[in-house]
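Each chain, letter by letter, is given below.
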Amino acid sequence: MTQYGMTIGGRSVKGEHSFDVVNPATGQAHAQAPDCSPAQLDAAFESARTAYRGWKDDLDARRAALHAAGDLLMAKANDLAPVLTGEQGKPLQDAAAEVFGAGFWLKHHADMPIPHEVIRDDEAAYVEVVRRPMGVVAAITPWNFPLMLACWKVGPALLAGNTMVLKPSPYTPLTTLAVGELLASVLPPGVLNVVSGRDPLGAQMTAHPVPRKVSFTGSVATGKRVAAAASDDLKRVTLELGGNDPAIVLPDADPAEIAPKLFDRAFANNGQVCSAIKRVYVPDALHDDLVEALADQARAAKVGDGMEEGVTHGPLNNAPQRDRVAALVADALARGATAVTGGGPVEGPGFFHEPTILAGATDGFAIVDEEQFGPALPVVRYSTVEEAVERANGTHFGLSGSVWGADADRAWEVASALECGTAWVNTHLAVHPGQPFGGVKWSGVGTENGTWGLEGFTEVQVRHRNRL
Ligand code: TXE
């Protein structure tokens, strides 16, 4: 079985123990990852602390290193794609796109200006507001986009002058471990340490005295635990948590035209995207046409092992997640909803679930109120647009949402009433390294990407020179 090392202080380090990593397409363990010991975690944080001293003082070197890191990921995208598919399940072409995109994210950040503002310059005083790095960052990532979400943190954190200890999910440690080893050739030792392990490694990181900042992407429940753990030591936190994104279809929308786009943004990564469309609100008059058009899209999807040619949708990443999606669908069906297509898990090895379009589910059904995070989409009827907006906003979530219609100005107006971090019009899931991304309510604290995300890895310092 392939074994990857952790990267601590620029060296590849084996674990005293290891744990199995399961291929979600087969349900079988296919690799092992190191289980980081408390002493190894201490060593990782210590090497990050030591590296911080030199790293924070040389912005040009940081920019050059991030470019080199991004170039390396882009060049190795096809080599790393099978590693990502093997542990995560996504089709090979999507895995290659994730690795390439992660490299692009690093390169974009390599060139970003660090905010710096003169707020007073007169006979009495000269006052600047600058952004200083925080020190060591603890970064914790989930299993849906292991590498992309890691690079959302690595790019800005390292550019700002911080160093990092990064921990991937125990479901998907391999690509991140491989990238840690790869980037040791272009980053100074200790700047980016990668550790892996089963829980409670994440909790040990948030409780550790060295990091000054925790950047976390994952579930709402764990995010709340991270915030509580960080508060003892007043560590700064950025929390990128779950979503239950609504898409509101306006009465002037064309179902045939928007169905492929809605399907694409709901079933991307097999629905395992924090900001995927998770519920569609549609006026009564368009309901049947839209449901049929979405079902056609779902029927055309090719579900299978992501390593196989032509597969568009792989397995769910892990058995608990597949079981959760299946339970939400079964609950909706038991309460009177209809699976227009799909409707349950796929028999056989691996964690597959049929792409499912549900009609007849509504608010109050768990699959509408909660985050399903999988390939099952409820299409919910509404009577008035005002009511649809109210229902879209009526959850604990507030990551993103979208409004779809022929009159884009009207759609824009409706979108502005959505209580969420990103409100899209006639699109969804459109993200960019320069565009902030974050959630309100239980969907998160703080933002990632763009100047706003970069600022989250800094502290404000006022420099005030008296002139009197
Ligand atoms: O996430 P967890 P899980 C949602 C999705 C899914 C659910 C559970 O709905 O069904 O979360 O997924 C680490 N302190 N999302 O259980 O537990 C853990 O090792 C610090 C949405 O995998 O939140 C992993 O690295 N860290 C999400 C990371 O936290 C801890 C993407 C996330 O794991 C920890 C994935 C602790 N006490 C799932 N306990 C999104 N926003 O996109 C665990 N971890």
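Please read these numbers as outputs of a predicted model, since none were measured by experiment.

Scanning the protein chain from terminus to terminus reveals 15 helices and 23 strands. Taking 468 residues into account, the globule formula puts the C-alpha radius of gyration at 23 Å, and the protein chain, at 23 Å, falls close to it. Over its C-alpha atoms, taken along the principal directions, the protein chain stretches across nearly 70 × 65 × 40 Å. Here the protein chain, with 468 residues, has 57% of them falling under the buried criterion. In the protein chain, the share of contacts with a sequence separation of at least 24, taken over all contacts with a separation of at least 6, comes to 72%. Taken as a whole, the protein chain presents about 17,900 Å² of accessible surface, with 54% of it coming from carbon and sulfur.

Strands sit in the order β1-β5-β4 across an open sheet of three strands; the sheet is mixed. One side of each edge strand has no neighbouring strand; the edge strands of this open sheet are β1 (2–3) and β4 (17–23). Sheet topology note: the β4/strand β5 (residues 28–35) ladder contains seven bridges and is antiparallel. Its bridge partner being in β5, Val22 is matched across the sheet by Ala29. Set on the sheet, helix α3 (residues 77–88) makes contact with β4 and β5; between it and β4 the angle comes to about 85 degrees.

Two side chains bearing opposite charge may form a pair once their charged atoms approach each other closely. Taken as a whole, this structure holds 25 salt bridges when the rule is applied. Between Arg299 and Glu292 there is a salt bridge whose closest N-O contact spans 3.5 Å. By relative accessible area, Arg299 is classed as partly exposed at 43%. Two residues, Arg391 and Asp363, come together in a salt bridge whose shortest N-O distance is 2.7 Å. With Arg391 in helix α13 (residues 385–393) and Asp363 in the loop between β16 (356–359) and α12 (366–369), this residue pair connects regions lying 28 residues apart in the sequence. Three or more residues joined by partner-sharing salt bridges are found here, namely Arg212, Asp233 and Lys235.

Checked against the element boundaries, Val462 lands in strand β23 (residues 458–466). For the pair Val462 and Thr362, spaced 100 residues apart in sequence, the C-alpha separation works out to 52 Å.

Take the site of the ligand next. The environment of the ligand is formed by 26 residues, the closest being Thr141, Trp143, Lys167, Ser219 and Gln321. With respect to the ligand, the backbone of Thr141 contributes an N or O atom lying 2.8 Å from an oxygen atom. The fraction of the free accessible surface of the ligand (820 Å²) that becomes covered by protein chains is 86%. Here the shell around the ligand gets three residues from one element, more than from any other, and that element is helix α8 (residues 220–231). Mapped onto the domain boundaries, the shell around the ligand takes at least three residues apiece from domain 1 (2–240) and domain 2 (245–432).

Domain boundaries assigned for the protein chain yield domain 1 (2–240) and domain 2 (245–432). Distance between the C-alpha centres of domain 1 and domain 2: 31 Å. Taken together, the 26 residues of domain 1 in the interface contact 26 residues of domain 2. Together, the buried faces of domain 1 and domain 2 total about 1,900 Å²; carbon and sulfur atoms form 64% of this surface. Sorting the residues of domain 1 by area buried against domain 2 places Pro24, Ala25 and Trp143 first, and these three jointly supply 27% of that buried surface. On the surface where domain 1 and domain 2 come into contact, there are zero salt bridges. For the interface between domain 1 and domain 2, the tally reads eight residue pairs in polar contact (both at pLDDT 80 or more). Taken together, the elements giving at least two residues each to the side of domain 1 that touches domain 2 come down to α3 and α4 (92–110).

Here the focus is the sheet that holds strand β13 (residues 245–249). Strand order across the open sheet formed by seven strands is β15-β16-β17-β14-β13-β18-β19, with mixed pairing between neighbours. Looking along the sheet, the strands with just one partner apiece sit at the ends: β15 (338–341) and β19 (422–425). Across the sheet, the mean angle separating the axes of adjacent strands is 25 degrees when strand polarity is ignored. With four bridges connecting them, strand β14 (residues 277–283) and strand β17 (residues 376–382) associate as parallel partners. Bridge pairing links Val280 to Val379 in β17.

Attention now goes to the pairing of β13. For β13, the tally of buried residues reaches five of five residues, placing the bulk of the element in the interior. Along β13, one buried face is formed by Asp245, Ala247 and Val249 and the opposite face, lined by Pro246 and Ile248, is buried too. Regarding topology, helix α9 (residues 255–267) serves as the crossover connection from β13 to the parallel β14, and that connection is right-handed. Inspection of the sheet shows β13 paired to strand β18 (residues 400–404) by three bridges, in the parallel sense.

Below, the discussion takes up the packing of aromatic side chains. Tallying each qualifying case throughout the model produces four aromatic pairs. Seen in terms of ring centroids, Trp105 and Trp152 are 5.4 Å apart; in terms of plane orientation they differ by 15 degrees. Their pairing is stacked. Taken together, the residues Trp105 in helix α4 and Trp152 in helix α5 (residues 146–159) connect sequence positions 47 residues apart. A single burial state applies to Trp105 and to Trp152, both of which are buried. Here the aromatic rings of Trp143 and Phe373 are separated by 5.4 Å at their centres, their planes lie at 75 degrees, and the arrangement is edge-to-face. Remark: Phe373 occurs in the loop between α12 and β17 and Trp143 occurs in the loop between β8 (136–140) and α5; sequence separation between them is 230 residues. Side by side, Trp143 and Phe373 carry an identical accessibility label, which is buried. By way of ring pairs, the aromatic residues Trp105, Trp152 and Phe437 are connected into one cluster. The residue whose ring lies beneath Lys56 is Tyr52, and the NZ or CZ to ring-centre distance is 5.6 Å. It is Lys224 that lies over the ring of Trp442; its NZ or CZ is 3.3 Å from the centre.

Conventions and cut-offs
Counting from 1, residues in each chain are numbered in the order their sequence is written. Thresholds applied to this predicted model are a pLDDT of at least 70 for local features of residues and 80 or more for the giving and counting of side-chain atom pairs; totals over whole chains, interfaces and linings are not thresholded and use all residues. Only hydrogens and water are set aside when side-chain values are computed; all heavy atoms of the structure are taken into account. Strands here mean DSSP runs of E at least two residues long; helices mean DSSP runs of H or I at least four residues long; both are numbered from the N terminus. Throughout, the radius of gyration refers to the C-alpha atoms, and the reference size of a globule is 2.2 Å times the residue count to the power 0.38. Remark: exposure states derive from per-residue accessible area (1.4 Å probe, protein chains only) relative to the maximum for the residue type, with buried under 20%, exposed over 50%, and partly exposed in between. Residues count as neighbours in contact if any of their non-hydrogen atoms are within 4.5 Å of one another. Surface exposure here means Shrake-Rupley accessible area, sampled with a 1.4 Å probe, where a residue is shielded only by the protein chains that are shown. Only strands joined by at least two bridges in the DSSP assignment are considered to pair. A fitted line through C-alpha atoms serves as each axis, taken over the contacting stretch for helices, and the angle formed by two N-to-C directions is quoted from 0 to 180°. For this document, the term salt bridge refers to a Lys or Arg side-chain nitrogen within 4 Å of an Asp or Glu carboxyl oxygen. Proximity criterion: a residue is near a molecule or strand once any of its heavy atoms comes within 4 Å of it. Any pair of N or O atoms that falls within 3.5 Å is considered a polar contact. Within protein, one atom must be able to donate a hydrogen and the other to accept it, and sequence-neighbouring residues count only if both atoms are side-chain atoms. For the domain bounds, the source is a domain assignment made automatically or taken from a database. Here the quantity called buried area is the accessible surface, traced with a 1.4 Å probe, that two parts lose on coming together, added over both. Orient the strands so they point away from the viewer, and a crossover whose first-strand-to-second-strand path over the helix runs clockwise is right-handed. Only Phe, Tyr and Trp rings are paired, with Trp represented by its six-membered ring, and only when their centres lie within 6.5 Å; those with planes under 30 degrees apart are stacked, over 60 edge-to-face, the remainder tilted. In this scheme, the term charge over a ring applies when either NZ of a lysine or CZ of an arginine sits within 6 Å of the ring centre and within 35 degrees of the ring normal.

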